[in-house]
Amino acid sequence: AQSVSQHNHHVILSEAASLELGCNYSYGGTVNLFWYVQYPGQHLQLLLKYFSGDPLVKGIKGFEAEFIKSKFSFNLRKPSVQWSDTAEYFCAVNPSGGYNKLIFGAGTRLAVHP
Amino acid sequence: GAGVSQSPSNKVTEKGKDVELRCDPISGHTALYWYRQSLGQGLEFLIYFQGNSAPDKSGLPSDRFSAERTGGSVSTLTIQRTQQEDSAVYLCASSLDGAGYTFGSGTRLTVV
């Protein structure tokens, strides 16, 4: 079945550690890719998105993601996490571009310890 | 408005009752989406509206769930004969062009 997979459900890091959260999707053809973040008690916010062009996408708060078409992956990275990055992170795919619905992964809960 | 507004923010209802959840999208956004977020789960797509096209209802979990969008703006999600498994946060999002989706803060529904 077509899906979006986030491999890590829970990640615990110390401050200043590097972060990489995996995301794989199973849709062929044109896809638009997103990472959203949900801080405790807050609504979903867009971190970054990829539609076309440079496969290395820079987002807010020092996050970046790399689209690797051959691997159907869109992994999220940050070189040095902070305590304030504690949140849940969701990868999402728009399988056909345009207005079609976003399909979300199950999310990765990140806890950063001081 | 400046953002997507959802009401109520919290709703506690008795099993078997009907509930209505409201979403006010960003003005001018033609696409509107409903998602459900259950504890420990990702976001589950429910339904989406795009302009005057027939809505995509493929994610509605049962015929107890329905939604409408009046005048291309406000949307109401209705759950009839609520069950305990309907307890979740119901999220609404809107989009102008499919390039960005803005989410509301959600309605936390608790069925007791």
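Nothing here was measured: the structure is a model prediction, and the numbers come from that model. (Residues numbered from 1 in each chain as written. Chains lettered and ligands numbered in written order. Predicted model: local features only at pLDDT ≥ 70, side-chain atom pairs only at ≥ 80, totals over all residues. Heavy atoms only, no water.)

Focus: the overall build of chain A
For the record, the criterion: Numbering of helices and strands runs from the N terminus, with a helix taken as a DSSP run of H or I at least four residues long and a strand as a DSSP run of E at least two residues long. Note on method: radius of gyration uses C-alpha positions; expected globular size equals 2.2 Å times residues raised to 0.38. Three labels apply to residues, based on accessible area from a 1.4 Å probe with only protein chains included: buried if under 20% of the type maximum, exposed if over 50%, partly exposed otherwise in between. Contacts were defined at the residue level, with two residues in contact if any of their heavy atoms lie within 4.5 Å. For the accessible areas, the method is Shrake-Rupley and the probe is 1.4 Å, while residue cover comes only from the protein chains on display.
Counting its secondary structure elements, chain A contains zero helices and 12 strands. A compact globule built from 114 residues would reach a C-alpha radius of gyration of about 13 Å, and chain A, at 14 Å, matches this within 12%. Counting only C-alpha atoms and orienting by the principal axes, one finds that chain A spans roughly 40 × 25 × 20 Å. Per-residue burial over chain A gives 47% buried out of 114 residues. In chain A, once contacts between residues fewer than 6 apart in sequence are set aside, the share between residues at least 24 apart is 53%. As presented, chain A carries roughly 5400 Å² of accessible surface, and 53% of it is formed by carbon and sulfur atoms.

Focus on the overall build of chain B
Scanning chain B for helices and strands turns up zero helices and 10 strands. Secondary structure elements in chain B, listed N-terminal to C-terminal, are β-β-β-β-β-β-β-β-β-β. The C-alpha atoms of chain B give 13 Å as radius of gyration, which agrees with the globular expectation for 112 residues (13 Å, within 12%). Dimensions of chain B, computed from the C-alpha atoms along their principal axes, are close to 40 × 25 × 25 Å. In chain B, which comprises 112 residues, the proportion classed as buried is 50%. Look at the contacts in chain B between residues 6 or more apart in sequence, and 54% of them connect residues 24 or more apart.

Brief notes about the packing of aromatic side chains
Filter applied, for reference: A pair of aromatic rings is counted whenever rings of Phe, Tyr or Trp (Trp by its six-membered ring) have centres within 6.5 Å, and the orientation is called stacked for planes under 30 degrees apart, edge-to-face for over 60 and tilted otherwise.
Tallying each qualifying case throughout the model produces 16 aromatic pairs over all chains. With centroids separated by 6.2 Å and ring planes inclined at 25°, the aromatic side chains of F34(A) and Y36(A) adopt a geometry described as stacked. Comparing F34(A) with Y36(A) shows no difference in burial state: the two are buried. A centroid spacing of 5.9 Å and a plane angle of 70° characterise the contact between Y35(B) and F45(B), whose relative ring orientation is edge-to-face.

Details of the environment of D97(B)
Here D97(B) lies in the loop between β8 (88-95) and β9 (102-103). It is 7.7 Å that separates the C-alpha atoms of D97(B) and T30(B), two residues lying 67 residues apart in sequence.

Things to note about the state of the cysteines
Defined as follows: Disulfide assignment relies on a single distance test, namely cysteine sulfur atoms paired within 2.5 Å.
Counting across every chain of the model gives two disulfides over all chains. Put simply, C23(A) and C91(A) are joined by a disulfide, and their sulfur atoms are 1.9 Å apart. Here the S-S torsion is close to -65°, and the disulfide linking C23(A) with C91(A) is therefore left-handed. Of this pair, C23(A) sits in the loop between β3 (19-21) and β4 (24-25) while C91(A) sits in strand β10 (residues 87-94), and the two are 68 residues apart along the sequence. For the residue pair C23(A) and C91(A), the accessibility class agrees, reading buried in each case. Each sulfur in the disulfide pair C23(B) and C92(B) lies 1.9 Å from the other. Between C23(B) and C92(B), the disulfide has an S-S torsion of -65° and is therefore left-handed. Of the two residues, C23(B) sits in strand β3 (residues 19-24) while C92(B) sits in strand β8, which places them 69 residues apart along the sequence.

Some words on the sheet that holds strand β6 (residues 65-69) of chain B
Residue and element names in this part refer to chain B. Condition: Whether two strands pair depends on DSSP finding at least two bridges between them. Axis angles are defined between N-to-C directions and span 0 to 180 degrees, where every axis is a line fitted to C-alpha atoms and, for a helix, only to the segment in contact.
Taken in spatial order, the four strands line up as β1-β3-β7-β6 in an open sheet, and their pairing is antiparallel. On the outer flanks of this sheet lie β1 (5-7) and β6, each paired with one strand and no other. Geometrically, the sheet is characterised by an average inter-axis angle of 15° between neighbouring strands, direction not taken into account. Bridge count for β3 against strand β7 (residues 75-79) is five bridges, and the pairing is antiparallel. Within β7, the position partnered with L21 by the bridge is L77.

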